[in-house]
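Descriptive structure summary
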Amino acid sequence: MPRKVVQGPIRDKEKTKQKLLAAVGKILRVKGYAGLKVSKIAAVAGFDKKLIYEYFGSTDKLIDEYIKSQDYWSKFSPNIEEEVQVGKGKEALTQGILMQFESLKKNKELQKIILWELSESKPILKNILKQREDVGANLFENVTDPYFGEDATSFRALLALIVAGVYYLNLFPAYNGTEFCGLDMRTTEGRAEIEKVIVELIDNAYKKKAAQ
């Protein structure tokens, strides 16, 4: 007769970590960043707060990991070896910005994170900003700068305005629900106009450089 294997309560570490990360997102969405306290996170996740220290080391490291999981640009990584071919980076860059424009509309937690970045100075926020800049530096130095040459800085400035617009045009209607420059960012038509201009601006910059 086979022996019975009696199993006691087994903690699924990965599942527990995901629940703790999800708790951060829920609190951020409902209460904002002011609600991200260790006791509150543990209570929402349904675990003892000591698991936060056991699995993440600290509350800040838990929040940092959550922010990384939500931040679009920290995860954006085109195939640099392929894109480094002259002019080839345009497609990856354009699609990356368009996807961020759409992603930010749906991701309420990321909206809260960006607002948090604008209103407070904290090491965990500086860390995610640095990661974004590192992704951008990789893209610029290996893909766009070699193509634009002496105009590389001007192209970076163009992208800065575009990305800043992507952020603001999603944050503004999310909290005020009004039109911006006569365009309603809550409608498919209004957003399509912005997407069309993003494509045109990047395309025109590449065409202008190619014509020189």
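Residues numbered from 1 in each chain as written. Predicted model: local features only at pLDDT ≥ 70, side-chain atom pairs only at ≥ 80, totals over all residues. Heavy atoms only, no water.

**Here we look at the overall build of the protein**
- For the protein, the helix and strand inventory stands at eleven helices and zero strands.
- N-terminal to C-terminal, the α/β element order of the protein is α-α-α-α-α-α-α-α-α-α-α.
- Counting only contacts in the protein whose residues sit at least 6 apart along the sequence, the fraction spanning at least 24 positions is 68%.
- In the form shown here, the protein has an accessible surface area of approximately 12600 Å², with 54% of it arising from carbon and sulfur atoms. (Helix = DSSP H or I, 4+ residues; strand = E, 2+ residues; numbered from the N terminus. Contact = heavy atoms within 4.5 Å. Areas by Shrake-Rupley, 256 points an atom, 1.4 Å probe, with all protein chains shown as cover.)

**Let's talk about unusual backbone geometry**
- One non-glycine residue, C181, lies in positive phi territory at about 55 degrees.
- For C181, the position within the fold is in the loop between α10 (152-176) and α11 (188-211).

**Overview of the pattern of salt bridges**
- In total, this model carries eleven salt bridges according to the counting rule given.
- Across the salt bridge formed by D184 and R186, the nearest N and O atoms sit 2.9 Å from each other.
- What emerges from the salt-bridge pattern is a single network uniting K90, D203 and K207. (Salt bridge = Lys/Arg side-chain N within 4 Å of Asp/Glu carboxyl O.)

**Comments concerning the packing of helix α4 (residues 59-70) against helix α9 (residues 123-148)**
- Contact geometry of α4 with α9 gives a least axis separation of 10 Å together with a crossing angle of 30 degrees. The pairing of α4 with α9 is recorded here as roughly parallel in orientation. Note on packing geometry: the crossing formed by α4 with α9 is right-handed. Between α4 and α9, the contacting residues are D60, I63, D64, I67 and K68 on the first element and I124, L125, N127, I128 and Q131 on the second.
- Grouping the amino acids of the contact of α4 with α9 by side-chain chemistry returns five nonpolar, two polar and three charged. (Axes fitted to C-alpha atoms, helices over the stretch in contact; angles between N-to-C directions. Parallel < 35°, antiparallel > 145°, perpendicular 65-115°, else oblique. Left-handed = near helix turned anticlockwise from the far one by under 90°. Nonpolar A, V, L, I, M, F, W, Y, C, P; charged D, E, K, R; others polar.)

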